Amino acid sequence: MQYSQKVIADLKDRYATQPEFIQAASEVLTSLQPVLDAHPDYEQASLLERLVEPERIVIFRVPWVDDKGKVQVNRGYRVEFNSALGPYKGGLRLHPSVNLSILKFLGFEQIFKNSLTTLPMGGGKGGSDFDPKHKSDREVMAFCQSFMTELYRHIGPNTDVPAGDIGTGAREIGYLFGQYKRLRNEWSGVLTGKGLSYGGSLARTEATGYGAVYFLTHMLAAKNDSIEGKRICISGAGNVALYATEKAQQLGGIVVTVSDSSGYIYDPEGIDIDLLKEIKERRRERLTAYEAQRPSATYHSGERPWNEDCNIAMPCATQNELELADAQKLVAHGCAYVVEGANMPTTLEATSYLQQHGVFFAPGKAANAGGVAVSGLEMSQNAAHEVWTFDEVELRLQQIMSSIYQAASTAALHYGRPDDLVFGANIAAFNKLAQAMMAQGVV
């Protein structure tokens, strides 16, 4: 049995109750065998066994008092997965679905994503099963302060730098940062995604969505194609989807769908980004409000947006939202490019089907790395006590996304699988990570 397959088999035995983590690890490890064949010393050093085990997992209770005076208790996590390339870096997810399997999957993906950015960042992830929806500001503050009262012992600007994620936006980051500063009696760049008034970076909100579109433009250019006039189906209606829509339409694309957990909007005239921002960012309403104000739009309740004619699909909502049946619909409707804006939104079966049918596919660890890249730039600004302009940050983002595409494309070509960006991204990220881990000894 090949080295990578032995490690996958062991993971399936050991972590049978962690399907999301097994899925992420299997997707990466099955790509690495050509490098492992060329480096038998990696197996001797048990490199993969060390790679798939987090360096540290912290699990703790989070007690807080709600507005009725009742004590609530949630569970908090921080998975510090790998620090070979720099401080642990990854978001904090606040959602009822949060469990150890999901956080290990996200943290494992983060190692490779951060490696691709070329910035000195390791991989980690954390969060809680706390749901900030329908909570008052006071309740969210009480939770965040309790959460940070334990977490602060394990993080720091040169140790572990958390960020936002699903459920953790500007409000939550502010409360977390304030409590960290209070407990440590210091101001430091320990969290990213901060407000602009206290150390945040311009373009951070836009970075993941913009970065995914910049990555797409390199894919199109490789096929002597362009985004101009292309019909694009996007899922999601959060930051990633909003700003992928904005940038795609700035560059001449026509985004015809966005979605939420209840259904999707189809707008053949192209999504009105100003109206969408008004509804989702300022009024925080459901997408049915978009349909009510946009005569050309139709809301499809209980459906995903993958049954519309499109040239490009960008899943930007959550993990495993694009399944095999969805992939079959996309191929039938003429989709030629799929770019993951979310973390692992496409199942392994769907990815395989898309690639087998000639769809040029971009994995999230490469295409959605723009967010963490600008988080890394926020860390640099904080460390140097500088503030860069929006244009400076966006230019650096463009350069990073270009370098990620080139690294993935070059690695795929070098190992005889041109245009397989899943394979190429995994190889390019692993090569850098493996060299660092081998250089640092058995740690």
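Cut-offs used in this document
Residues numbered from 1 in each chain as written. Predicted model: local features only at pLDDT ≥ 70, side-chain atom pairs only at ≥ 80, totals over all residues. Heavy atoms only, no water. Helix = DSSP H or I, 4+ residues; strand = E, 2+ residues; numbered from the N terminus. Rg over C-alpha atoms; globule rule 2.2 N^0.38 Å. Buried < 20%, exposed > 50% of the residue type's maximum accessible area, 1.4 Å probe, protein only. Contact = heavy atoms within 4.5 Å. Core = buried A, V, L, I, M, F, W, Y, C linked by side-chain atoms within 4.5 Å. Domains from an automatic or database assignment. Pairing = 2+ DSSP bridges. UniProt positions renumbered as here; feature names shortened; annotations may be inferred. Phe/Tyr/Trp six-rings, centres within 6.5 Å; stacked < 30°, edge-to-face > 60°. Lys NZ or Arg CZ within 6 Å of the ring centre and 35° of its normal. Patch = residues over 30% accessible without salt bridge, like charges linked within 9 Å, V, L, I, M, F, W, Y side chains within 5 Å. Areas by Shrake-Rupley, 256 points an atom, 1.4 Å probe, with all protein chains shown as cover. Salt bridge = Lys/Arg side-chain N within 4 Å of Asp/Glu carboxyl O. Axes fitted to C-alpha atoms, helices over the stretch in contact; angles between N-to-C directions. Disulfide = S-S within 2.5 Å.

Enquirer: What should I look at first to understand the overall build of the protein chain in this one?
Expert: A tally of helices and strands in the protein chain yields 18 helices and twelve strands. The C-alpha atoms of the protein chain give 21 Å as radius of gyration, which agrees with the globular expectation for 443 residues (22 Å, within 12%). The principal-axis extents of the C-alpha atoms in the protein chain amount to approximately 60 × 55 × 45 Å. Counting only residues that meet the buried cut, the protein chain has 57% of its 443 residues in that class. In the protein chain, once contacts between residues fewer than 6 apart in sequence are set aside, the share between residues at least 24 apart is 70%.

Enquirer: What is the right way to look at helix α2 (residues 19-29) in this model?
Expert: Think of an α-helix as turning once every 3.6 residues; residues three or four places apart then point the same way. Among the eleven residues of α2, ten are classified as buried, and the element is accordingly described as predominantly covered. Among all positions of α2, only E20, F21, I22, Q23, A24, A25, S26, E27, V28 and L29 are buried.

Enquirer: Just to check I follow, could you spell out the nonpolar core for this structure?
Expert: What tends to happen in soluble globular proteins is that the nonpolar side chains get buried as a cluster. One finds F108, F215, M314 and F430 to be the most contacted residues of the largest nonpolar core, which totals 105 residues. No other element matches the eleven residues that helix α18 (residues 421-439) contributes to this core. Residue contributions to this core reach at least three from each of two domains, namely domain 1 (55-184) and domain 2 (206-366). Those residues within four positions of F108 in sequence are excluded, and the remaining contacts are F21, A24, A25, V28, L51, V52 and F81. Residues F147, M148, L176 and L191 belong to the second largest nonpolar core, which totals 21 residues.

Enquirer: Got a minute to help me understand the pairing of strand β4 (residues 123-128) in this structure?
Expert: Along any regular strand, the residues point their side chains to alternate faces of the sheet. Most of β4 sits inside the fold, with six of its six residues counted as buried. Going residue by residue along β4, you find G123, K125 and G127 tucked away on one face and G124, G126 and S128 tucked away on the opposite face as well. Where strand β3 (residues 88-94) meets β4, three bridges bridge the pair, whose relative direction is parallel. By the bridge assignment for β4, L94 is matched with S128.

Enquirer: Explanation requested: the UniProt feature "active site" (unreviewed entry) in the protein chain in the structure shown.
Expert: Under the present numbering, the feature "active site" (unreviewed entry) in UniProt falls on K125. Tracing the chain through its elements places K125 in strand β4. In this view, K125 contacts R78, V79, G90, G91, L103, L106, G107, Q110, D165 and N343; residues no more than four positions away in its chain are not counted.

Enquirer: Explain the packing of aromatic side chains to me, please; I cannot follow it from the model alone.
Expert: Here the distance between the centres and the angle between the planes together describe a pair of aromatic rings. Counting across every chain of the model gives 16 aromatic pairs. Seen from their ring centres, F130 and F143 are 3.9 Å apart, and the 5° between their planes marks the pair as stacked. Note that F130 is positioned in the loop between β4 and α7 (137-151) and F143 in helix α7, a separation of 13 residues in sequence. The same class applies to F130 and to F143, which are both buried. Site record: aromatic cluster; members linked through ring pairs are Y15, F21, F81, F108 and F112. In this arrangement the basic side chain of K104 is found over the ring face of Y15, its NZ or CZ atom lying 3.5 Å from the centre. Across the ring face of F360, the terminal group of K223 is positioned such that the distance to the ring centre comes to 4.9 Å.

Enquirer: Any chance you could explain a nonpolar patch on the surface here in plain terms?
Expert: Together, V65, V71 and V73 line one region of the surface with nonpolar side chains, adding up to about 240 Å² of accessible area. Positionally, V73 belongs in strand β2 (residues 71-82). Look at V73 and you get exposed, because its relative accessible area is 54%.

Enquirer: For this particular structure, what's the right way to read unusual backbone geometry?
Expert: Glycine aside, a negative phi is what most residues show, and trans is what most peptide bonds show. Positive phi values are uncommon outside glycine, yet T118 reaches one of about 75°. With respect to the element layout, T118 can be found in the loop between α6 (100-116) and β4. Backbone geometry at R284 places phi at a positive 55°, although glycine is not the residue there. Following the sequence through the fold, R284 ends up in the loop between α11 (273-282) and α12 (288-293). Residue classification places R284 among the exposed residues on the basis of a relative accessible area of 71%.

Enquirer: Help me out: how do you make sense of the sheet that holds strand β1 (residues 56-65) in this one?
Expert: As a general point, the strands of a sheet are linked pairwise by backbone hydrogen bonds and lie either parallel or antiparallel. Strand order in the open sheet formed by five strands is β1-β2-β4-β3-β5, with mixed pairing between adjacent strands. Two strands close off the open sheet at either side, each with one partner strand: β1 and β5 (160-163). Neighbour to neighbour, the strand axes of the sheet diverge by 20° on average, direction disregarded. Both β3 and β5 contribute to a ladder of four bridges, which runs parallel. If you follow Y88 over to β5, its bridge partner there is D160. The strands touched by α7 are β1, β2, β3, β4 and β5; relative to β1, the strand with the most contacts, the crossing angle is about 145°.

Enquirer: Is there a simple way to think about the state of the cysteines in this case?
Expert: Among covalent bonds in proteins, the disulfide is the one between the sulfur atoms of two cysteines. Applying the stated criterion across every chain yields a total of zero disulfides. Take C310: it sits in no disulfide, and the sulfur closest to it among the cysteines is that of C233, at 3.9 Å. For C316, which is in no disulfide, the shortest distance to another cysteine sulfur is to C233 and amounts to 11 Å. Since its relative accessible area comes to 7%, C316 is described here as buried.

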